[in-house]
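Chain by chain, the residues:
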Amino acid sequence: MHTQIPIKEGLFTWPSSKPQLLGSRCSRCAEATFPAQPDCRNCGSRETHIVELGDRGTLWTWTIQTFMPKQPYHSSETEATFAPYGVGYVEMPGGVRVEARLQPNTAQQLKIGMPMQLAIIPFRSDEQGNDIMTFCFTAVTEE
Amino acid sequence: MDVAIIGIGLHRFGRSPDMSGMQQGASAVRAALADAGLSWKDMQFAYGGSQDAGNADSLVNELGLTGLQFTNIWNGCATGGSSLHAAYTAIKSGEYDLGVVVGFDKHPRGAFNPQPKDWGLDDWYGETGLMLTTQFFALKTQRYMHDHGITEDALIRVSEKAFTNGSLTPTAWRQQKLSYDEIAQSAMISDPLRKYMFCSPAEGGAALIICNAEKARQYSSKPLYLKAAAIRTRHYGSFEVFAPSQAMNVADAPTVTASKAAFELAGIGPKDVDVIQLQDTDCGTEIIHMAENGFCEHGEQEQLLRDGATGINGHLPINTDGGCLANGEPVGASGLRQVYEICVQLRGEGGARQVGNNPKVGYTHVYGAPGLSGVTIISK
Ligand SMILES: [Zn+2]
């Protein structure tokens, strides 16, 4: 039986039926960052706390990765099975723009300002056959 | 204490299969010394760096073990600019009169593959394919075009100019002109940037002999003066490479702050500059950097490029030797290649690519990961 393991603890709530991205917010200046970090990049304070950044956002900018990246890229793909993927920054209700893989992977499907939905997806398999899960954003289809 | 540049040397960018990166650095130093009419034993200090071709201070094995102060500099794509800045302050402080700045590199073929740990990031960021400089430049360009009404036409024109200028530059790596259509139809690499809109890692070396301006005439009949050198890093909120997240409020890029600091030091403004070198890792960044360095307003680039203003015969000549696009980017050497080209232009030695109107003031700008810029202003 294979288990679903997050690629890194603390990036998103998991397991969850409605996963949320996790970041940190500064107790002094209220700026948020992703991923969570113990210190604040804005004011230098060390008083930060973990917060949910949300599961929906707005696409701020995008591109498409058309070639398979070299190491440190580590997926289960080969040059033959590699599929282009979208990359973008998504503006989150938690007050930060998060860089993420995007499931839409053609220029026709992507537009600055479009609503995006968080999804937690299997990214690769480890030696035991477990699914290593990462986060990405998909286009919102229903409103 | 004012600072003069009295010797310039370049080891041709591109591929030198029979030479190590270090040897290309030594070749550039020898050329700069010859240009200044000086020898290695005259050098009191050296600053230098490379990313992939070894520690610069090992150059003494090739050039001579003279006991000089030699400091290695590593600052990403701004390594050359940072080495020059260090030399500038060494002279300004009065500690030294005469020294050399050198940068060289030799990268494996293909895109760079930076490692997350070297940049204070976790492995997942690289593993999931988010840590590519090409992506960042595409993301920044995409947003910039959206905000400022820049179209693909402007991107194509930057590339067209770069390869035209490269074809006029005997030391350039890429000397083949490309037509507008060839560029427009080249493969889309990272939307909106196509194949001929990106520079490639390469090889090469560049060196400068720097001296106390009061003594410059002893050595050179054609000294140039380094009026300003400034390095700045990113502020909170500036949109930079290798950033898993960005703040909502966009702050000025380090290029803006470095540029302002340099103009202030030199006591002049963008309108006083006659010939310009801007970091053109790709066509989008050249366009963005035109405005970030104060040479136009955001959005004006579209018309300026259509009018040919940034060409060799335009009123805002940018990257007269073809820039990174036509020369490739040996990281350690790239920023010094820019200074080399500005010196060539100010001396009037540009040959087929010489800008007209007897240029008196030149400007160089580098930008590197994870968000730093270096600017110099050079005058006759
Ligand atoms: Zn704070």
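Residues numbered from 1 in each chain as written. Chains lettered and ligands numbered in written order. Predicted model: local features only at pLDDT ≥ 70, side-chain atom pairs only at ≥ 80, totals over all residues. Heavy atoms only, no water.

Caption draft 1: Structural view of the overall build of chain A. Within chain A, the regular secondary structure consists of 0 helices and 9 strands. Helices and strands in chain A line up, N terminus first, as β-β-β-β-β-β-β-β-β. With respect to the three principal axes, the spread of C-alpha positions in chain A is 50 × 40 × 30 Å. Counting over 143 residues, chain A shows a buried share of 50%. Pairs at least 24 apart in sequence give 52% of the contacts found in chain A among residues at least 6 apart. Carbon together with sulfur atoms contributes 52% to the accessible area of chain A, which is approximately 6,900 Å² in total. Taking the average location of the 12 positive side-chain charges in chain A and that of its 15 negative ones, the two points are 6 Å from each other. (Helix = DSSP H or I, 4+ residues; strand = E, 2+ residues; numbered from the N terminus. Buried < 20%, exposed > 50% of the residue type's maximum accessible area, 1.4 Å probe, protein only. Contact = heavy atoms within 4.5 Å. Areas by Shrake-Rupley, 256 points an atom, 1.4 Å probe, with all protein chains shown as cover. Lys, Arg positive; Asp, Glu negative; His and termini not counted. Charge placed at Lys NZ, Arg CZ, Asp CG, Glu CD.)

Caption draft 2: Representation of the packing of helix α3 (residues 79–92) of chain B against helix α13 (residues 331–347) of chain B. Residues and elements named next belong to chain B. At their nearest, the axes of α3 and α13 sit 5 Å apart, and the two run at 65 degrees to each other. For the pair formed by α3 and α13, the contact residues are Thr79, Gly80 and Leu84 on the first element and Gly332, Leu336 and Val339 on the second. By residue class, the composition of the contact of α3 with α13 is 3 nonpolar, 3 polar and no charged. (Axes fitted to C-alpha atoms, helices over the stretch in contact; angles between N-to-C directions. Nonpolar A, V, L, I, M, F, W, Y, C, P; charged D, E, K, R; others polar.)

Caption draft 3: Here's a closer look at the interface of chain A and chain B. Tallying the contact residues gives 42 residues for chain A and 37 residues for chain B. Approximately 3,500 Å² of surface area, both sides summed, lies buried where chain A meets chain B, with 58% of it carried by carbon and sulfur atoms. Ranking the residues of chain A by area buried against chain B places Trp60(A), Arg97(A) and Glu99(A) at the top, with a combined share of 17%. Here chain A and chain B share 2 salt bridges between them. Residue Glu127(B) pairs with Arg124(A) through a salt bridge whose shortest N-O separation is 3.1 Å. Connecting chain A to chain B are 26 residue pairs in polar contact (both at pLDDT 80 or more). The set of elements that each furnish at least two residues to the side of chain A that touches chain B consists of β3 (32–33), β5 (56–65), β6 (85–92), β7 (96–102), β8 (115–125) and β9 (131–139) of chain A. Here 2 bridges tie β7(A) to strand β9 (residues 245–246) of chain B, and the two strands are oriented antiparallel to one another. Each residue of the ladder has a partner; that of Val98(A), found in β9(B), is Ser245(B). (Buried area = accessible area lost by both parts, 1.4 Å probe. Salt bridge = Lys/Arg side-chain N within 4 Å of Asp/Glu carboxyl O. Polar contact = N/O pair within 3.5 Å; in protein donor to acceptor, adjacent residues only side chain to side chain. Pairing = 2+ DSSP bridges.)

Caption draft 4: Representation of the sheet that holds strand β3 (residues 69–72) of chain B within the structure. Residues and elements named next belong to chain B. Taken in spatial order, the 9 strands make up an open sheet running β3-β2-β4-β7-β1-β8-β12-β11-β10, and their pairing is mixed. The two strands at the open ends of the sheet, each matched to only one other strand, are β3 and β10 (275–277). Ignoring which end each strand starts from, the neighbouring axes of this sheet average 20 degrees apart. Both strand β2 (residues 45–49) and β3 contribute to a ladder of 4 bridges, which runs parallel. The residue bridging Ala46 from the neighbouring strand is Phe70, located in β3. Docked against the sheet, helix α1 (residues 21–36) engages β1 (3–14), β4 (98–106) and β7 (203–212), running at close to 140 degrees with respect to β1.

Caption draft 5: Local environment of the coordination of the zinc ion. All names here are of chain A. Bound to the zinc ion are the protein donor atoms Cys26 (SG), Cys29 (SG), Cys40 (SG) and Cys43 (SG), situated 2.3 Å from the metal. One way to put it: the 4 donor atoms around the zinc ion meet at angles of 103 to 120 degrees, and that makes the site tetrahedral. The exposure class of Cys40 is buried, given its relative accessible area of 10%. For Cys43, a relative accessible area of 31% corresponds to the partly exposed category. (Donors = N, O, S within 2.8 Å, 3.2 Å for Na, K, Ca; no water. Tetrahedral: all angles 85-135°; square planar, octahedral: opposite > 155°, others 65-115°.)

Caption draft 6: Geometry of α3(B). Residues and elements named next belong to chain B. Across its 14 residues, α3 extends 20 Å between first and last C-alpha, which sits within 8% of the 20 Å expected from 1.5 Å per residue. With 11 of 14 residues buried, α3 lies mostly within the body of the structure. When we look at burial in α3, the residues that qualify are Thr79, Gly80, Gly81, Ser82, Ser83, Leu84, Ala86, Ala87, Tyr88, Ala90 and Ile91. (Expected span 1.5 Å × (residues − 1).)

Caption draft 7: Quick look at the packing of aromatic side chains. Inspection of every chain in the model, using the stated rule, returns 21 aromatic pairs over all chains. Relative to Tyr196(B), the ring of Phe163(B) lies with its centre 6.4 Å away and its plane at 75 degrees, an arrangement referred to as edge-to-face. Of the two residues, Phe163(B) sits in helix α6 (residues 152–167) while Tyr196(B) sits in the loop between β6 (193–194) and β7, which places them 33 residues apart along the sequence. With a relative accessible area of 5%, Phe163(B) lands in the buried category. Accessibility expressed as a relative area gives 26% for Tyr196(B), which makes it partly exposed. One cation-aromatic arrangement involves Arg101(A) over Tyr85(A); the distance from NZ or CZ to the ring centre is 3.8 Å. Lying over the aromatic face of Trp173(B), Arg174(B) brings its terminal NZ or CZ to 3.7 Å of the ring centre. (Phe/Tyr/Trp six-rings, centres within 6.5 Å; stacked < 30°, edge-to-face > 60°. Lys NZ or Arg CZ within 6 Å of the ring centre and 35° of its normal.)

Caption draft 8: Layout of the confidence of the model for chain B. With 100% of its residues at a pLDDT of 70 or more, chain B shows a mean pLDDT of 95. For this predicted complex, the interface score ipTM comes out at 0.96, alongside a pTM of 0.95. (pLDDT = per-residue confidence, 0-100.)

Caption draft 9: Local environment of the sheet that holds strand β4 (residues 48–54) of chain A. Residue and element names in this part refer to chain A. Spatial strand order, β3-β2-β4: 3 strands in an open sheet with antiparallel pairing. The sheet is open, and its two edges are formed by β3 and β4, each paired on a single side. Bridge analysis of strand β2 (residues 21–26) against β4 gives 6 bridges, and the strand direction is antiparallel. If you follow Ser24 over to β4, its bridge partner there is Ile50.

Caption draft 10: Structural context of unusual backbone geometry. Across the junction of Trp14(A) and Pro15(A), the peptide omega takes the value 0 degrees, indicating a cis bond. Here the bond from Gln71(A) into Pro72(A) is cis, since omega is 15 degrees, no more than 30 degrees from zero. Topologically, Pro72(A) is positioned in the loop between β5 and β6. Within the chain, Asn319(B) stands out as a residue other than glycine whose phi angle is a positive 55 degrees. For Asn319(B), the position within the fold is in the loop between α11 (301–306) and α12 (323–327). Overall, Asn319(B) belongs to the buried group, its relative accessible area being 0%. If you check the backbone angles, Asn357(B) has positive phi at about 60 degrees while not being a glycine. Note that Asn357(B) resides in the loop between α13 and β11 (361–368).

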